[in-house]
Amino acid sequence: MRRVLFGIFWFGIFWVALTIIGGGITGSTFGAKGPQAGEVLREGRRPHGYPGADIGSAEFSDRFGTHVLIAAAALAALGTVAGKLPGTRPER
């Protein structure tokens, strides 16, 4: 039971980390380019820092959100089954 709970914990950690890393890279790349001609900001979104950086981050989340969940689940499951993640080592 402890291993399962730690596996769920690690899934959350991986999901948040992958989302932050992917959104940050996409947002900074998009923000460095600046807004494209004819591009309209979504309602309720304003650029902070680099112009358009929040649009890039939102695009990443919209396009790859499912992929991030699958990758986080795979990392957590493999790490838990193998006992490589802290808290998931088999009890002796």
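Residues numbered from 1 in each chain as written. Predicted model: local features only at pLDDT ≥ 70, side-chain atom pairs only at ≥ 80, totals over all residues. Heavy atoms only, no water.

Asker: Got a minute to help me understand the side chain of Thr80 in this structure?
Answerer: By secondary structure assignment, the location of Thr80 is in helix α2 (residues 53-82). The class of Thr80 is buried, set by a relative accessible area of 12%. When neighbours within four sequence positions are excluded, Thr80 is seen to be in contact with Arg3, Gly7, Leu85 and Thr88. (Helix = DSSP H or I, 4+ residues; strand = E, 2+ residues; numbered from the N terminus. Buried < 20%, exposed > 50% of the residue type's maximum accessible area, 1.4 Å probe, protein only. Contact = heavy atoms within 4.5 Å.)

Asker: Can you walk me through the side chain of Thr88 in this structure?
Answerer: If you trace the backbone, Thr88 turns up in the segment after α2. Since its relative accessible area comes to 0%, Thr88 is described here as buried. Polar side-chain contacts of Thr88 include one of 2.5 Å to the backbone oxygen of Leu85. Once residues within four sequence positions are removed from consideration, Thr88 is found in contact with Arg3, Phe6, Gly7, Trp10, Gly79, Thr80 and Gly83. (Polar contact = N/O pair within 3.5 Å; in protein donor to acceptor, adjacent residues only side chain to side chain.)

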